[in-house]
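# Overview (structure and organization)
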Amino acid sequence: MNKTIFTKIICKEIPADIVYEDNMSLAFKDINPQAPVHILVIPKKPIANLDEGTEEDKTLLGHLLLIVQKIARKMGLDNGYRVVINNGNDGGQTVNHLHLHILGKRQMTWPPG
Ligand code: 5GP
């Protein structure tokens, strides 16, 4: 299987502005930010997308949400923020490694595009 850009970031083969790391997950700034704060949280395990997660990944998936909460606090997103998971083509996913977008420091609108 070809390494995705995110696997290369996990392996430190390409640089990223990392804001958090532990044994299960990594978080770094999005290269093309859509908000003043735009962080990507990824599992180190190469799960392609939310659809590929299994019962075995239950702890890991829960962990990612708690990391979102931790990073939001660290980045001072006290007034709220948005968490997005794009899944597959219709979801607008462009990198096939599960990632949670944290977007903050601006007013979000609904419905999303
Ligand atoms: P998706 O569209 O798959 O939900 O989101 C992929 C995100 O990854 C996009 O917001 C894009 O800007 C970001 N991205 C793509 N390549 C890189 C990269 O090499 N470094 C970083 N930091 N972000 C990237």
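Residues numbered from 1 in each chain as written. Predicted model: local features only at pLDDT ≥ 70, side-chain atom pairs only at ≥ 80, totals over all residues. Heavy atoms only, no water.

Bringing the pairing of strand E3 (residues 37-43) into the picture now. Across the seven residues that make up E3, a large majority, seven, are buried. Burial along E3 is two-sided: the residues Val 37, Ile 39, Val 41 and Pro 43 and His 38, Leu 40 and Ile 42 are all buried. Relative to strand E5 (residues 100-104), E3 is paired through five bridges, and the arrangement is antiparallel. Across the sheet, the residue bridging to Val 37 is Gly 104, located in E5. (Buried < 20%, exposed > 50% of the residue type's maximum accessible area, 1.4 Å probe, protein only. Helix = DSSP H or I, 4+ residues; strand = E, 2+ residues; numbered from the N terminus. Pairing = 2+ DSSP bridges.)

Our focus in this paragraph is the site of the ligand. Neighbouring the ligand are 16 residues, the closest being Asp 30, Asn 86, Thr 94, His 99 and His 101. One of the backbone nitrogen or oxygen atoms of Lys 29 is found 2.9 Å away from a nitrogen atom of the ligand. Val 95 places a polar main-chain atom, nitrogen or oxygen, 3.0 Å from an oxygen atom of the ligand. Contributions of two or more residues to the shell around the ligand are made by helix H1 (5-10) and strand E2 (25-29). Ranked by residues supplied to the shell around the ligand, first place goes to H1 with three residues. (Near = heavy atom within 4 Å. Polar contact = N/O pair within 3.5 Å; in protein donor to acceptor, adjacent residues only side chain to side chain.)

Right, let's talk about the side chain of His 99 for a bit. Along the chain, the position of His 99 falls in the loop between helix H3 (88-91) and E5. If we ignore the near neighbours within four places in the chain, the residues touching His 99 are Phe 6, Leu 40, Val 41, Ile 42, Val 84, Ile 85 and Gln 93. (Contact = heavy atoms within 4.5 Å.)

Quick look at the nonpolar core now. By size, the foremost hydrophobic cluster in this structure holds 17 residues, and its most contacted members are Val 19, Tyr 20, Ala 27, Ile 39, Val 41, Ile 71 and Ile 102. Sorting the residues of this core by element identifies strand E1 (18-21), E3, helix H2 (58-74) and E5 as the ones contributing at least two each. Counting residues per element, this core draws most heavily on H2, at six residues. Ignoring any residue separated from it by four or fewer positions in sequence, one finds Ile 39 in contact with Val 19, Ala 27, Phe 28, Lys 29, Asp 30, Ile 71, Met 75, Leu 100, His 101 and Ile 102. (Core = buried A, V, L, I, M, F, W, Y, C linked by side-chain atoms within 4.5 Å.)

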